[in-house]
Amino acid sequence: MTSRIPRDSRLRLVRPRPLAAAPRAVNQRRPQRPAPRPPEGTPAPAELARMARTGLAGAVRVARWADTALGCGSPGATADGKATLSDPTAERAAADLGLNAAQVRADWDTARLAGLVEVHGDSARPGWRLRAWDRDDSAVLRGWVALFDAWSLASPEPEEHEPAAVAEVVSAMPQVLSFLQLSAGPVPRVQLLDLLQQRVTELRTERCEVSYEPGAEPAAALPVVPGTRQQTEPDSAPAADTPLPPLLDWALGALGAVGALTCGDDQATLTPLGSWAVWVKLEQICVAAQSPAGNIEQSAEDMLRGCAQLRPNAARAEYRAWLAARPVGGAVTELIAAARGEDALLRGLAFEALRVVGGSAEPDVHAVVDEPALRPYALLWLAEHDGVDPEDAHEVLTREEATWLWVDTAAAVADHGEAPMLVRHLESAVQPTVPQLLDEVRAVGHPRTVQVLVALAAAHPDPALAKAVRRAAFQVHTGG
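The present account deals with the structure reproduced in this document. (Residues numbered from 1 in each chain as written. Predicted model: local features only at pLDDT ≥ 70, side-chain atom pairs only at ≥ 80, totals over all residues. Heavy atoms only, no water.)

## Re the overall build of the chain
1) Next: Tallying secondary structure elements over the chain gives 24 helices and six strands in all.
2) Next: Counting only residues that meet the buried cut, the chain has 41% of its 480 residues in that class.
3) Next: Considering only contacts in the chain between residues 6 or more positions apart, those separated by 24 or more positions represent 64%.
4) Next: Entry remark: accessible area of the chain is about 25,500 Å², with carbon and sulfur atoms responsible for 54%. (Helix = DSSP H or I, 4+ residues; strand = E, 2+ residues; numbered from the N terminus. Buried < 20%, exposed > 50% of the residue type's maximum accessible area, 1.4 Å probe, protein only. Contact = heavy atoms within 4.5 Å. Areas by Shrake-Rupley, 256 points an atom, 1.4 Å probe, with all protein chains shown as cover.)

## As for the sheet that holds strand E5 (residues 261-264)
1) Next: Pairing in this open sheet of three strands is antiparallel, and the strands run E4-E6-E5 from one edge to the other. At either end of the open sheet lies a strand with only one pairing partner, and these are strand E4 (187-188) and E5.
2) Next: In the sheet, E4 pairs with strand E6 (residues 267-270) via two bridges, with the strands oriented antiparallel. Note that in E6 the partner of Pro188 across the bridge is Gln267.
3) Next: Strand contacts of helix H9 (residues 163-183): E4, E5 and E6, with the helix running at about 75° to E6, the strand carrying the most contacts. (Pairing = 2+ DSSP bridges. Axes fitted to C-alpha atoms, helices over the stretch in contact; angles between N-to-C directions.)

## Regarding the pattern of salt bridges
1) Next: Applying the stated rule across the entire model yields 20 salt bridges.
2) Next: One salt bridge connects Asp249 with Arg189, and the closest N-O pair in it is separated by 2.8 Å. Of the two residues, Asp249 sits in helix H12 (residues 244-257) while Arg189 sits in helix H10 (residues 189-206), which places them 60 residues apart along the sequence.
3) Next: According to the relative accessible area criterion, Asp249 is partly exposed, its value standing at 39%.
4) Next: The closest approach of N and O atoms between Asp408 and Arg347, which form a salt bridge, is 2.9 Å. In this pair, Asp408 is assigned in helix H20 (residues 399-416) and Arg347 in helix H17 (residues 344-357), connecting sequence segments 61 residues apart. Judged on exposure class, the residue Asp408 and its partner Arg347 are both buried. (Salt bridge = Lys/Arg side-chain N within 4 Å of Asp/Glu carboxyl O.)

## Looking at unusual backbone geometry
1) Next: Its identity is not glycine, yet Ala184 carries a phi of approximately 55°, on the positive side.
2) Next: In this fold, Ala184 is placed in the loop between H9 and E4.

## Brief notes about H17
Side chains that are three or four residues apart share a direction in an α-helix, a result of its 3.6 residues per turn.
1) Next: With 14 residues, H17 should reach 20 Å at 1.5 Å per residue; the first-to-last C-alpha distance of 20 Å fits that figure.
2) Next: Taken together, the buried positions of H17 are occupied by Ala344, Leu346, Arg347, Leu349, Ala350, Phe351, Ala353, Leu354 and Val357.
3) Next: Next to the buried residues of H17 lie helix H14 (300-307), helix H15 (312-324), helix H16 (328-339), helix H18 (362-367), helix H19 (375-385) and H20.
4) Next: The distance from a side-chain oxygen at the start of H17 to the backbone nitrogen of Leu345 is 3.0 Å, and the residue carrying that oxygen is Asp343.
5) Next: In the segment just after H17, Gly358 is the residue with positive phi, at about 85°. (Expected span 1.5 Å × (residues − 1). Polar contact = N/O pair within 3.5 Å; in protein donor to acceptor, adjacent residues only side chain to side chain.)

## Describing the packing of helix H3 (residues 57-69) against helix H4 (residues 87-97)
1) Next: Interhelical geometry of H3 versus H4 gives an angle of 110° and a closest axis separation of 11 Å. With respect to each other, H3 and H4 are oriented roughly perpendicular. For the pair formed by H3 and H4, the contact residues are Arg61, Val62, Trp65 and Ala69 on the first element and Thr89, Arg92, Ala93, Asp96 and Leu97 on the second.
2) Next: For the contact of H3 with H4, the residue count by class is five nonpolar, one polar and three charged. (Parallel < 35°, antiparallel > 145°, perpendicular 65-115°, else oblique. Nonpolar A, V, L, I, M, F, W, Y, C, P; charged D, E, K, R; others polar.)

This is how it looks when you write it as C-alpha cells:
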C-alpha cells in the first residue's frame, strides 16, 4: 500500500469551473451610461490635439533631440538624479537646436511633465507618447492633460511665501478652474480671488485650524482635535496670514504657462484645451458620484474597499474619478498609506489605482521598494511602467519575492474570496510541486502564512493534500 501523502503533486489539481458556474452577478452587465457630450463649442478631438501639438512643439523638439543625440538610456543626461538637465547636455542641445540653454531647460521640463521623456536616475529615454505623437491624437491629449495636472510644477513657486500657503492654493485651484469652465467666458480676477479665499477658508476649517488676531487670547481652551496641531502662538499660523493675491497671480501664471488659460484686462479665460480638460475631470467626478459605491468623497482605504467588488474596467473608472477630485501628490500618498495596512486586498488594489496614476507616482513607488510588504508590488509596478509586458513582469521578482506575493495574494483571497478561488490560487505559484511550495512558503516569513495554510487546508478537496498543508501550518505555528 502506498502512502496517501502526495510526494510530487502537480499544482494544477483543480480544474477551472466552467463559465456557466461563474457568479451570476459577473455575467449581468449594467446598462451602459451614454457617452457624455462635451459642452457646445468644444473643438473636435482632432482640433484639440492640433492645439496641444502646437503648444508642446518646443518640448517635442527637445525630446526628439535627446532621443537622437543621447540615445535610449544614455547616462549623463541629468546631473542630480532629480531630472534636472545637466549643464553639458543643455549647452549641447542649445548649440544643436539654435536655442539658449534656459529655453532648452524649460522645454525639457515641459517634455518631462508631459511624459515625452522619462528620467530614471541620471539617464533619460523617450516616453511612449513621443513614439505615437504624430499618429495618435489620444496620446497627444493625454500628454497635455499630464502637463495640465502638473501645472504647479511648471512654474517655480514663490519663495517668499510659506509652503503651507502655496499648498492650500494648489488644493483650492480645482474649484477655481471649475468655476472658470462653468462660466464659459472671461471672469474678473477679483471674483476669482473671492472664490479662492472662500475655498482656502473651507480647507482650514476642515483641518480645524482657528486663526486669531495678534494679541488675542490663544485658542488653548478649544478642544484638541486628534491628528491636528493646536496653535499657541500667533507665529505658528503663517499660512493664515499669507496674502492670497500674489499666490493667485502665481497660479494663474503657471496655468497660463501650460496653455490652460489666458489672462488680460484683469480677467482670466480658459483656453479651449483648458476648458475641455476641466470638463473631462468634472465628468469623471460626476460618474463617481452617480456610481453605486459613491467613492468620490471617501478616503483612499474606503474607496478601495468600495471598488473591491467591481469589474476591472469599472474599478479603473472609479480610480480615475477619485484621482480627478484631489491633487495627485496627496492621492498617491493616501494610496501608499492604504497599501501599508494589514488588508492584503487593499494592498493589491492600491497598486492598481497607482497604475491609473501613471508616471506621477513613480518617485513614491520607488521610495517603497525597500519595504518588504510592498516590494513585490512596487517592482511589478515599476517593470510595467518601464514598458515590460504585464504577462512577463513577474520575471523581475526573485523566487522569494514571488512566494511572498503568492502568500499575500492568498491572504486577500482567504479574507474576501470563496474557498474554490483559494484552491485555484495554487495554479499561480511559481513552484512546480506542492511540497516545494510549502517548503518555500514556510521559509518566506510572511506574517499571514499560518492563516493562509489553514484556510487552504480547509478549502482543498484532496484529503491527503489538505493534511500536508495542515502539517505545514502547524510547523510554522510552532516554529518548526
